[in-house]
Amino acid sequence: MRRRRELGLGALGVLLAFGVCEAVSRAGIVRESYLPPASRVTARAVELAGDPVFLNGVAATLRAWALGLGLACALAVPAGLLLGSVPVADAAVRAVVEFLRPLPSVALIPLVSLLLGSGTRTEVALITYASVWPVLFNTVYGLGGTDPLAKDTLRAFGFGRLSVLVRVELPATAPFIAAGIRISAAVALVLAVATEILSGFGEGLGIFIAQAESATDGARDVLAGVVWAGGLGLVINEVLERAERRLFPWTPERRGAPT
């Protein structure tokens, strides 16, 4: 019932937003060249689903997203485990991490493009940089919240550091890592599209949006591309949430939730 209520409220919110945009445009409050009716934007978004060139661009964006997110996880999880397990290492790199973390990834586009050239390598590098932080900090936080009694019990029975990590700390930290990955997945998608828009070359969903800005009836295509980006983000988040509910049903926020 709770899940159905959430879905119903979400659908109601979408319908209200659709109706407001449609009414504002049809009433002439905002010029159609700036804000086309929501019905036209939706029709264009559906039409793009049958455009092979557009779908190839979406696939290119998703490839860069997957590569960047995968590389970020491969770097952040081991680093988080190290920093969470070795206080000396955490203290040594804390200042560097706190200096790098606030830097906006889009501001690094000129520098990364200069070092790596144009194309997928630059996009993946920027996605990796932006996506690594949520996974890293969630891993460190989850490791720090592991039940000390469980760790002490295994040590009392003669288990070594690696065994404690594998048997207790990793299972306890896994839900936090999964939450970090879900957050990073959204960040990675936003950055993938933003990098393509700002770079203005190659292929991808962001390239479609950037090119539509200067085209005839461009606002409709820009908003249709935004609808696709939002839809992809919604689907990715839903898939990852469902995976979390199935993999970690014992966490307090998952108890009693439908699978």
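One can find the structure itself at the top, above this paragraph.
Residues numbered from 1 in each chain as written. Predicted model: local features only at pLDDT ≥ 70, side-chain atom pairs only at ≥ 80, totals over all residues. Heavy atoms only, no water.

Moving on to the overall build of the protein chain. Scanning the protein chain from N- to C-terminus turns up 10 helices and zero strands. With the principal axes as the frame, the protein chain shows a C-alpha extent of 75 × 55 × 30 Å. In the structure as shown, the protein chain presents an accessible area of about 14500 Å², 69% of it carried by carbon and sulfur atoms. For the protein chain, the centre of its 23 positive side-chain charges and the centre of its 20 negative side-chain charges are spaced 7 Å apart. (Helix = DSSP H or I, 4+ residues; strand = E, 2+ residues; numbered from the N terminus. Areas by Shrake-Rupley, 256 points an atom, 1.4 Å probe, with all protein chains shown as cover. Lys, Arg positive; Asp, Glu negative; His and termini not counted. Charge placed at Lys NZ, Arg CZ, Asp CG, Glu CD.)

The next subject is the environment of Ala172. Mapping Ala172 onto the fold places it in helix H8 (residues 161-199). Here the alpha-carbon distance between Ala172 and Phe54, two residues 118 residues apart in the chain, equals 42 Å.

The subject of this paragraph is helix H9 (residues 205-212). A large share of H9 lies buried, amounting to seven of its eight residues. Buried within H9 are the following residues: Leu205, Gly206, Ile207, Phe208, Ile209, Ala210 and Ala212. (Buried < 20%, exposed > 50% of the residue type's maximum accessible area, 1.4 Å probe, protein only.)

A few words on the environment of Val96. With respect to the secondary-structure elements, Val96 resides in helix H4 (residues 87-100). Under the relative-accessibility criterion, Val96 is labelled partly exposed at 48%. Spatially, the C-alpha atoms of Val96 and Pro78 are 17 Å apart, while their sequence positions differ by 18 residues.

Enumeration according to the criterion identifies 11 salt bridges in this entry. Across the salt bridge formed by Arg44 and Asp221, the nearest N and O atoms sit 2.7 Å from each other. You can see Arg44 sitting in helix H2 (residues 38-48) and its partner Asp221 sitting in helix H10 (residues 218-247), a full 177 residues away along the chain. Grouping residues by exposure puts Arg44 and Asp221 together as buried. Here Glu98 and Arg94 are joined by a salt bridge, their closest N and O atoms 3.3 Å apart. Taken together, the residues span about one helical turn, with Glu98 and Arg94 both in helix H4 at a distance of four residues. We classify Glu98 as partly exposed; its relative accessible area is 31%. A residue is classified by how much of its surface remains accessible, and Arg94, at 30% relative accessible area, is partly exposed. Each member of the salt-bridge network shares a partner with another, and the members are Arg44, Glu47, Arg220 and Asp221. (Salt bridge = Lys/Arg side-chain N within 4 Å of Asp/Glu carboxyl O.)

Right, let's get into the packing of aromatic side chains. Within the structure shown, the criterion is met by five aromatic pairs. Both rings, one in Trp133 and one in Phe137, keep their centres 6.4 Å apart while their planes meet at 35 degrees; by these two values the pair is tilted. Taken together, the positions of Trp133 and Phe137, both in helix H6 (residues 120-144) and four residues apart, correspond to about one turn of that helix. Here Phe137 falls in the partly exposed class, since its relative accessible area comes to 23%. Considering the side-chain rings of Tyr141 and Phe176, the 5.6 Å spacing of their centres and the 65 degrees angle between planes classify their relative orientation as edge-to-face. Taken together, the residues span a long stretch of sequence, with Tyr141 in helix H6 and Phe176 in helix H8 at a distance of 35 residues. Its relative accessible area of 60% is what places Tyr141 among the exposed residues. Here the aromatic cluster, defined as three or more aromatic residues joined through ring pairs, consists of Phe54, Phe208 and Trp228. (Phe/Tyr/Trp six-rings, centres within 6.5 Å; stacked < 30°, edge-to-face > 60°.)

With that out of the way, let us pick up H6. Residues spaced three or four apart along an α-helix point in a common direction, a consequence of the helix completing one turn every 3.6 residues. Counted at 1.5 Å a residue, the expected span for H6 with its 25 residues is 36 Å, and the 36 Å between its end C-alpha atoms agrees. At Val132, H6 shows its largest bend, some 30 degrees, and a proline, Pro134, comes one to four positions later. A large share of H6 lies buried, amounting to 19 of its 25 residues. (Expected span 1.5 Å × (residues − 1). Bend = angle between axes of the 7 residues up to and from the residue.)

What follows concerns a nonpolar patch on the surface. Together, Leu9, Leu12 and Leu16 make up a nonpolar patch on the protein surface, roughly 310 Å² of accessible area in all. Mapped onto the fold, Leu12 is located in helix H1 (residues 2-26). (Patch = residues over 30% accessible without salt bridge, like charges linked within 9 Å, V, L, I, M, F, W, Y side chains within 5 Å.)

Keep in mind these values describe shape, not function.
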